[in-house]
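# Survey of secondary and tertiary structure
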Amino acid sequence: MTKSKYDEVLRRLDAAGAAAPRGRLFHTSFGPADQLRVVDVWSSQAAFDAFGAVLMPILGSLGIDSGTPDVQPQHNSIRG
């Protein structure tokens, strides 16, 4: 997605009270401004699913195809 659409998604999530969803442990976006990618780490599938109920309509309203999330189990996490 583009940087401008990503920024609009963040604005709408904030307006919906979902800017810092329960269960999201880490979020980053990266890549060129016209092809941003997003990685999130969640505490559980249930937390991810609850956020998706808010996120997916926002993405759809902006014409963003989220594709199929690549859900993987986490083996380890090391913080600085």
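Below you will find a few notes about this structure.

Calculation notes
Residues numbered from 1 in each chain as written. Predicted model: local features only at pLDDT ≥ 70, side-chain atom pairs only at ≥ 80, totals over all residues. Heavy atoms only, no water. Helix = DSSP H or I, 4+ residues; strand = E, 2+ residues; numbered from the N terminus. Expected span 1.5 Å × (residues − 1). Bend = angle between axes of the 7 residues up to and from the residue. Buried < 20%, exposed > 50% of the residue type's maximum accessible area, 1.4 Å probe, protein only. Contact = heavy atoms within 4.5 Å. Core = buried A, V, L, I, M, F, W, Y, C linked by side-chain atoms within 4.5 Å. Pairing = 2+ DSSP bridges. Axes fitted to C-alpha atoms, helices over the stretch in contact; angles between N-to-C directions. Parallel < 35°, antiparallel > 145°, perpendicular 65-115°, else oblique. Left-handed = near helix turned anticlockwise from the far one by under 90°. Nonpolar A, V, L, I, M, F, W, Y, C, P; charged D, E, K, R; others polar.

## A few points about helix H2 (residues 45–61)
One turn of an α-helix holds 3.6 residues; hence residues three or four places apart share an orientation. Taking 1.5 Å of rise per residue, the 17 residues of H2 would be expected to cover 24 Å, and the 24 Å separating its terminal C-alpha atoms lies within 8% of that figure. Along H2, the largest kink reaches about 35° and is centred on Ala53; proline Pro57 follows within four residues of it. Residues Ala47, Phe51, Gly52, Leu55, Ile58 and Leu59 constitute the buried set of H2. On its buried face, H2 sits against helix H1 (3–15), strand S1 (24–30) and strand S2 (37–42). Trailing H2 by a residue or two, Gly63 shows a phi angle of about 70°, which is positive.

## Quick look at the environment of Asp14
Within the secondary structure layout, Asp14 lies in helix H1. Taking the C-alpha atoms as reference points, Asp14 and Val71, separated by 57 residues in sequence, lie 24 Å from one another.

## Details of the nonpolar core
Counting residues in each nonpolar core, the largest one holds 11 residues, listed as Val9, Leu13, Ala18, Trp42, Ala47, Phe51, Leu55, Ile58, Leu59, Leu62 and Ile64. A per-element tally of this core places H2 first, with 5 residues. Discounting chain neighbours no more than four positions away, the residues touching Phe51 are Leu13, Ala18, Pro21, Arg24 and Trp42.

## Looking at the pairing of S2
Relative to S2, S1 is paired through 6 bridges, and the arrangement is antiparallel. Within the sheet, the bridge partner assigned to His27 lies in S2 and is Asp40.

## Describing the packing of H1 against H2
At a minimum axis distance of 10 Å, the contact between H1 and H2 shows a crossing angle of 135°. In this view, H1 runs oblique relative to H2, as classed from their interaxial angle. H2 is crossed by H1, and the crossing has right-handed handedness. On H2, the residues touching Val9, Arg12 and Leu13 of H1 are Phe51, Val54, Leu55, Ile58, Leu59 and Ser61. Across the contact of H1 with H2, the residue classes break down as 7 nonpolar, 1 polar and 1 charged.

Geometry only, nothing functional implied.
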